[in-house]
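Summary of the model geometry
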Amino acid sequence: MGVISRVMSAFRLNGGGNNSFEAAGTGRRLRGFNPSRNHVNVAIAAAGPTLVARARWLYENDGHAGNAVDEWTSAAVGDGIKPRPRFKNKKEKKAALLDLFWRWTEEADAEGLTDYYGLQEKIAREAYMAGECFVRIRSRRRSDMWTVPFQLQMLPTEMLDMAFTASLPGGNFIVAGIEFNAIGARVAYHFWRYHPNDVRPPNTTKARDRVRVPAAEVLHVFDGRQGGQIRGVPRVARVLVKIFGLEVYDDAEIERKKTAALFTAFLIGRGDNPITVNDDVDGDDEDTPIAGMEPGAIIDLGMDKDIKFSSPAEVGGSYEAFQYRTTLKIFAGLGVPYSIGTGDMTKGNFSNVRTAIVAFRRRISQWQNNTLIFQLCRPVWIAFVERAVMAGMADLPGYDTNPTEYWACDHLPPRQEWLDPAKDIKAEKDAISGGLKSRTQSVAERGYDREDIDAEIAEERAAAKAAGLVFDTDGSVPAPMPGAPPSAPDDDKPDDDDDDKADSEEDMKNAA
């Protein structure tokens, strides 16, 4: 009977018999849980501008949120995600194309403030902080640049109006500033001519004009986490309320500590007016207000006095635990380990921190390959190769018939530092010697190109041999076997004359 009662009670709590899932019930426990059923695009159109404004404020004013953005950007981009073309049997063509690309990176920024890898950093930061970033490919005249004539212009999310929706002739339609055709493919982006919240050029009459830019000239970098999502959401949105609440709580605690540190005493009792004193310095008999609370102050409250010290309530030992648990939840929502986001390494041992870093790197690698590389690095490389060929700056045989051979390219993320160098390097060498991975794969995981490293090693060894230099890393001196005694110095080794002399003495003894 007890089991039946409990089942019926749960049945009633979950809202009756029309629901087979407890999580979808409407009973007492879930009575206030009524989320909107709107699609994510509708929610973004309504709340997006406010979310972005608050995310930017937290980045500039909250240490936790700002550091999480910077740590994510540093791990995702580092000193740059670099291309490595895949086409084979054309070493000279490949080297020439890469050399042209390296020179183009210096001119890549349309604003001229950084290079292509600096743009990667800005774009990654903007995509994490604001949820998305737009990059416009700006074609230039051949005479405007020393290298391939195009540049990249970064546009923040505010440049594309999230509320702009319209129907167009021919079946096209605009949602959140993005124009789609009848089959749902992106056709164009309708950007503001100027940032709607920035200083505009004086005497302009086109401040609120929109500019239609073809989709082929725009790169939209964002992490679309839900099906059909067309605009980005700031990563901090998950924990924005908690961050701001913790910020307010910290401010109140600081003020409480400041008040407690004043250590003010009050003299209480009956007598003359205690609020003012007569300071007749100027001869004007006017009362002067007593000074406010300050460290060591004693406030006279009248005659027949008693003394009473201020003693603000102490928070006790709950402050540290509350801060720690709240901060843990915040950084879990931000996708950054607690130890990295706060710099606090005292809460765990080496194994715990290492486990968190490995998981963080896996998440970073996922975002690099699925978002940043696919939406930014890959189309930038294709645009570079296309324009290099059209400008006559690259001679690629067969490009007109099959350009995809030259579009194929690996993009190498920044190297990840060893957590335990001695053990990690040994494990890497064992994996290579055991045939579990190749040198190419191992070198690529560190952010380098195996062919470049091989060329550098060959060049160094040739130069060392020409100069008569011998190193234990050039392969000319075999490494000693483990446990073998050290070899004797050259001065202790007998030379050939000593050997001949010893042989002659031995022969004379035998003859005698």
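Everything below is about the structure printed above this text.
This is a predicted model, so every value here is computed, not measured.

As for the packing of helix α5 (residues 116-129) against helix α9 (residues 350-390)
Where α5 meets α9, the closest approach of the two axes is 12 Å, and the angle between their N-to-C directions is 135°. As far as their axial angle goes, α9 and α5 are oblique. Taken as a pair, α5 and α9 cross one another with a handedness that is right-handed. Between α5 and α9, the contacting residues are Tyr-116, Gln-120, Ile-123, Ala-124 and Ala-127 on the first element and Trp-367, Leu-372, Leu-376, Cys-377 and Val-380 on the second.

Some thoughts on the sheet that holds strand β8 (residues 210-214)
An order of β4-β5-β6-β7-β8 is seen for the 5 strands of this open sheet, with the pairing classed as antiparallel. At either margin of the open sheet sits one strand with a lone partner, and together these are β4 (166-167) and β8. Relative to strand β6 (residues 178-180), strand β5 (residues 173-175) is paired through 3 bridges, and the arrangement is antiparallel. Its bridge partner lying in β6, Ile-174 is registered against Glu-179.

Some thoughts on the environment of Ala-108
Mapped onto the elements of the fold, Ala-108 is located in the loop between α4 (91-105) and α5. With relative accessibility at 0%, the residue Ala-108 sits in the buried group. Along the chain, Ala-108 and Arg-138 lie 30 residues apart, while their C-alpha atoms are 9.9 Å from each other. Once residues lying within four places of it in the same chain are set aside, the contact partners of Ala-108 are Tyr-116, Leu-119, Gln-151 and Leu-152.

Looking at the packing of helix α3 (residues 63-77) against α5
Their axes nearest at 9 Å, the elements α3 and α5 cross at an angle of 135°. By the criterion of interaxial angle, the relationship of α3 to α5 is oblique. The hand of the α3/α5 crossing is right-handed. Each of Ala-68, Val-69, Asp-70, Trp-72, Thr-73 and Val-77 in α3 lies in contact with α5, whose residues at this interface are Tyr-117, Gln-120, Glu-121, Ala-124, Arg-125, Tyr-128 and Met-129. Classifying every residue of the contact of α3 with α5 by side-chain character gives 8 nonpolar, 2 polar and 3 charged.

Concerning α4
The terminal C-alpha atoms of α4, which comprises 15 residues, lie 21 Å apart, in line with the 21 Å expected from a rise of 1.5 Å per residue. On its buried face, α4 is in contact with β1 (82-85), α5, β3 (150-155), α9 and α13 (450-466).

Notes on a negative patch on the surface
Side chains of Asp-452, Glu-456, Glu-459 and Glu-460 sit close together on the surface and give a patch of like negative charge. Tracing the chain through its elements places Glu-456 in helix α13.

What to know about the pattern of salt bridges
By the definition in use, this model includes 20 salt bridges. Residue Arg-210 pairs with Asp-161 through a salt bridge whose shortest N-O separation is 2.9 Å. With Arg-210 in strand β8 and Asp-161 in the loop between β3 and β4, the pair connects residues that are 49 residues apart, well separated along the chain. Among the residues examined, Arg-210 registers a relative accessible area of 33% and is labelled partly exposed. Close ionic contact of Lys-437 with Glu-428 constitutes a salt bridge, the shortest N to O distance being 2.9 Å. For Lys-437, a relative accessible area of 16% translates into the label buried. Beyond isolated ion pairs, a larger network of salt bridges with shared partners links Arg-56, Glu-126 and Glu-158.

A few points about unusual backbone geometry
Here Ala-176, not a glycine, exhibits a phi torsion of approximately 55°, which is positive. With respect to the helices and strands, the residue Ala-176 is situated in the loop between β5 and β6. For Ala-176, a relative accessible area of 7% puts it in the buried group.

Some points on the packing of aromatic side chains
On inspection of all chains with the given rule, the structure shows 23 aromatic pairs. Ring geometry for Trp-381 against Phe-384: centres 5.6 Å apart, planes inclined by 35°, an arrangement best described as tilted. Taken together, the residues span about one helical turn, with Trp-381 and Phe-384 both in helix α9 at a distance of 3 residues. If you follow Lys-82 out to its NZ or CZ, it ends over the ring of Tyr-117, 4.8 Å from the centre.

What about helix α2 (residues 40-61)?
An α-helix turns once every 3.6 residues. As a result, residues three or four positions apart point the same way. Of all the bends in α2, the largest measures some 60° and sits at Ala-47, one to four residues before the proline Pro-49. Of the residues making up α2, those classed as buried are Val-40, Asn-41, Ile-44, Gly-48, Val-52, Ala-55, Leu-58 and Tyr-59. Looking at the buried positions of α2, the neighbouring elements they touch are α3, α5 and α6 (240-261).

A closer look at the sheet that holds strand β2 (residues 132-139)
Across a sheet, paired strands are connected by hydrogen bonds in the backbone, their directions being either parallel or antiparallel. Sheet architecture is open: 3 strands sit in the order β3-β2-β9, paired in antiparallel fashion. Looking along the sheet, the strands with just one partner apiece sit at the ends: β3 and β9 (218-222). Between one strand and the next, the sheet's axes are offset by a mean angle of 25°, whatever the strand orientation. Where β2 and β9 come together, 5 bridges link them in antiparallel fashion. Counted as the bridge partner of Arg-136 is Val-218 from β9.

A short note on the pairing of β9
Counting buried positions over the 5 residues of β9 gives 5, a clear majority of the element. Here β9 shows no split at all, with Val-218, His-220 and Phe-222 on one side and Leu-219 and Val-221 on the other all buried.

A look at the environment of Arg-86
Tracing the chain through its elements places Arg-86 in the loop between β1 and α4. Between the C-alpha atoms of Arg-86 and Asp-410, which are 324 residues apart in sequence, the distance is 6.7 Å. Excluding anything up to four places from it in sequence, Arg-86 contacts Ala-408, Cys-409 and Asp-410. In terms of polar contacts, Arg-86 uses its side chain to reach the side chain of Asp-410, at 2.8 Å.

Calculation notes
- Residues numbered from 1 in each chain as written.
- Predicted model: local features only at pLDDT ≥ 70, side-chain atom pairs only at ≥ 80, totals over all residues.
- Heavy atoms only, no water.
- Axes fitted to C-alpha atoms, helices over the stretch in contact; angles between N-to-C directions.
- Helix = DSSP H or I, 4+ residues; strand = E, 2+ residues; numbered from the N terminus.
- Parallel < 35°, antiparallel > 145°, perpendicular 65-115°, else oblique.
- Left-handed = near helix turned anticlockwise from the far one by under 90°.
- Contact = heavy atoms within 4.5 Å.
- Pairing = 2+ DSSP bridges.
- Buried < 20%, exposed > 50% of the residue type's maximum accessible area, 1.4 Å probe, protein only.
- Nonpolar A, V, L, I, M, F, W, Y, C, P; charged D, E, K, R; others polar.
- Expected span 1.5 Å × (residues − 1).
- Patch = residues over 30% accessible without salt bridge, like charges linked within 9 Å, V, L, I, M, F, W, Y side chains within 5 Å.
- Areas by Shrake-Rupley, 256 points an atom, 1.4 Å probe, with all protein chains shown as cover.
- Salt bridge = Lys/Arg side-chain N within 4 Å of Asp/Glu carboxyl O.
- Lys, Arg positive; Asp, Glu negative; His and termini not counted.
- Charge placed at Lys NZ, Arg CZ, Asp CG, Glu CD.
- Phe/Tyr/Trp six-rings, centres within 6.5 Å; stacked < 30°, edge-to-face > 60°.
- Lys NZ or Arg CZ within 6 Å of the ring centre and 35° of its normal.
- Bend = angle between axes of the 7 residues up to and from the residue.
- Polar contact = N/O pair within 3.5 Å; in protein donor to acceptor, adjacent residues only side chain to side chain.

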